[in-house]
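Now for the letters of each chain:
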Amino acid sequence: MGGFSWPDGHRAALALTFDVDAESAILAVDPAYARRLTTMSHQAYGPKVGVPRILRMLERQGVTGSFFVPGLTADRYPGMVEAVVAAGHDLGHHGYSHVPYHALSDDDQRRDVERALASLERITGRRPEGFRAPWWELTDSTPALLAEHGFTWDSSMMDDDRPYLLDSGKGILAELPVHWMLDDWEQYAFLPEPHIGAVIESPAKVLDLWTGELDALAAEGGLMVVTSHPFLSGRASRVATLERVVEHARAAGGIWIAPLSAIAAHTRAVVAEADARPVPSVHIEEGIYER
Ligand code: ZN
């Protein structure tokens, strides 16, 4: 693996990130779920109980995390957003409605981005610089839209496990890649309806999966972005497991545990803009897939 230059002699990096989807992830499937009180309460657990418990863990560990909050969630739980910001964590943009951007026209993407920006700015008085696409689904027009709106980094792509610069055509973004293996959704998500997942894994298995990747990736100088959803990972044994991951990283040594904003700033400082990668659009030559 080609070396990535981490700061202060660190050999790799770990970021703890939290997507506070709450009700929005279910309403984006079908807004009719709004009348299902228990289903909505399963989602509300995230901002109500999960986020405060996660904030206590991060404080205990002295770790700064990155929280991505959809505009709809921010409007419903402004106090939660204020608590995240007051504790010094990153507040990132995560769409307004949590509808994936491939399901929206370019104009509707723009409206969704602007509506969420307005919500987050109204609550915090600050404009977020980081973005994570709902369902991790950017389209090839989203990066330019982000650059146009003043974003400086994104964390939605999967084509590397080190940070890089992405040339949107309208400006440069630092990209901090993610992966499904490092997402709690695949481990813990279950609802009878809608189908969001079917298996509830043991936190011990998740600890094994994540610390295994951390050890191997650290040996190669990579960036490990763990993504947790407070409605899932806010449960007691799961927060405890995330805390074990932090302790494992500390014990391993040489791992920079940092918020994505700091990793993005570092990436912009050490990677030359001339090395920014173009948006990797896939253009299909006519006829190749015709039957
Ligand atoms: Zn989400």
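As the structure is a prediction and not an experimental result, all values here were calculated from the model. (Residues numbered from 1 in each chain as written. Predicted model: local features only at pLDDT ≥ 70, side-chain atom pairs only at ≥ 80, totals over all residues.)

1. Description of the overall build of the protein chain
A tally of helices and strands in the protein chain yields eleven helices and ten strands. Taken over C-alpha atoms, the radius of gyration comes to 19 Å for the protein chain, in line with the 19 Å a tight globule of 291 residues would show. Overall, the protein chain is about 50 × 50 × 50 Å in size when its C-alpha atoms are taken along their principal axes. Per-residue burial for the protein chain yields a buried fraction of 45% across its 291 residues. The contacts of the protein chain with a sequence gap of at least 6 include a subset with a gap of at least 24, amounting to 74%. (Helix = DSSP H or I, 4+ residues; strand = E, 2+ residues; numbered from the N terminus. Rg over C-alpha atoms; globule rule 2.2 N^0.38 Å. Buried ≥ 20, exposed ≤ 12 C-beta atoms within 10 Å, placed from the backbone. Contact = placed C-beta atoms within 7 Å.)

2. Observations concerning the pairing of strand E1 (residues 12-19)
Walk down a regular strand and you will see the side chains alternate between the two sheet faces. When you tally the buried positions in E1, you get eight out of eight residues, the bulk of the element. In E1, alternate side chains face the same way, and those of Ala12, Leu14, Leu16 and Phe18 on one face and Ala13, Ala15, Thr17 and Asp19 on the other are all buried. Pairing of E1 with strand E9 (residues 255-257), which is carried by three bridges, proceeds in the parallel orientation. Paired with Leu14 across the strands is Ile257, a residue of E9. Examined bridge by bridge, E1 and strand E8 (residues 223-228) share six bridges and lie parallel to one another. Among the inter-strand pairings, Ala15 is bridged to a residue of E8, identified as Val225. (Pairing = 2+ DSSP bridges.)

3. Notes on the packing of helix H8 (residues 203-219) against helix H10 (residues 236-252)
Angle between the axes and distance between the axes are the two parameters that describe a pair of packed helices. Two elements in contact, H8 and H10, have axes whose closest approach is 10 Å; the angle formed by their N-to-C orientations is 25°. Taken together, H8 and H10 sit at an angle that is classed as roughly parallel. Crossing of H8 over H10 shows right-handed handedness. In this structure, H8 uses Pro203, Val206, Leu207, Trp210, Thr211, Leu214, Asp215 and Ala218 to contact H10, whose residues at the interface are Ser237, Arg238, Thr241, Arg244, Val245, His248, Ala249 and Ala252. (Axes fitted to C-alpha atoms, helices over the stretch in contact; angles between N-to-C directions. Parallel < 35°, antiparallel > 145°, perpendicular 65-115°, else oblique. Left-handed = near helix turned anticlockwise from the far one by under 90°.)

4. Here's the deal with the environment of Leu138
Along the chain, the position of Leu138 falls in the loop between strand E4 (130-131) and helix H6 (142-148). Ignoring any residue separated from it by four or fewer positions in sequence, one finds Leu138 in contact with Tyr101, Ala133, Pro143 and Ser156.

5. Observations regarding helix H2 (residues 37-61)
Its 25 residues give H2 an end-to-end C-alpha distance of 35 Å, which sits within 8% of 36 Å, the value for a rise of 1.5 Å per residue. The largest bend along H2 measures about 40° and falls at Gly50, with the proline Pro52 one to four residues further on. For H2, every residue scored as buried is listed here: Gln43, Gly46, Pro47, Gly50, Val51, Ile54, Leu55 and Leu58. The inward-facing, buried residues of H2 contact E1, helix H1 (24-27), helix H3 (71-76), helix H4 (78-86), helix H9 (230-233) and H10. (Expected span 1.5 Å × (residues − 1). Bend = angle between axes of the 7 residues up to and from the residue.)

6. A closer look at the environment of Ser105
Considering the arrangement of structural elements, one finds Ser105 in the loop between strand E3 (90-93) and helix H5 (106-124). Here Ser105 falls in the exposed class, since 11 other C-beta atoms lie within 10 Å of it. C-alpha separation for the pair Ser105 and Asp21, spaced 84 residues apart in sequence, amounts to 22 Å.

7. As for the pairing of strand E6 (residues 164-167)
Taken together, the four bridges between E6 and strand E7 (residues 172-175) define a ladder with antiparallel strand orientation. Bridge pairing in E7 links Leu166 to Leu173. Counted between consecutive antiparallel strands, the loop separating E6 from E7 contains four residues, among which Gly169 sits at a positive phi close to 95°. Pairing between E6 and strand E10 (residues 277-278): two bridges, direction parallel. Among the inter-strand pairings, Asp167 is bridged to a residue of E10, identified as Pro278.

8. Considering unusual backbone geometry
Cis geometry is found at the peptide bond from Glu193 to Pro194, where omega equals -15°. Locating Pro194 in the fold gives a position in the loop between helix H7 (185-188) and H8. Phi at Asp8 takes a positive value of approximately 55°, unusual for a residue other than glycine. The residue Asp8 is located in the segment before E1 in this model. The class for Asp8 is exposed, based on 6 C-beta atoms found within 10 Å.

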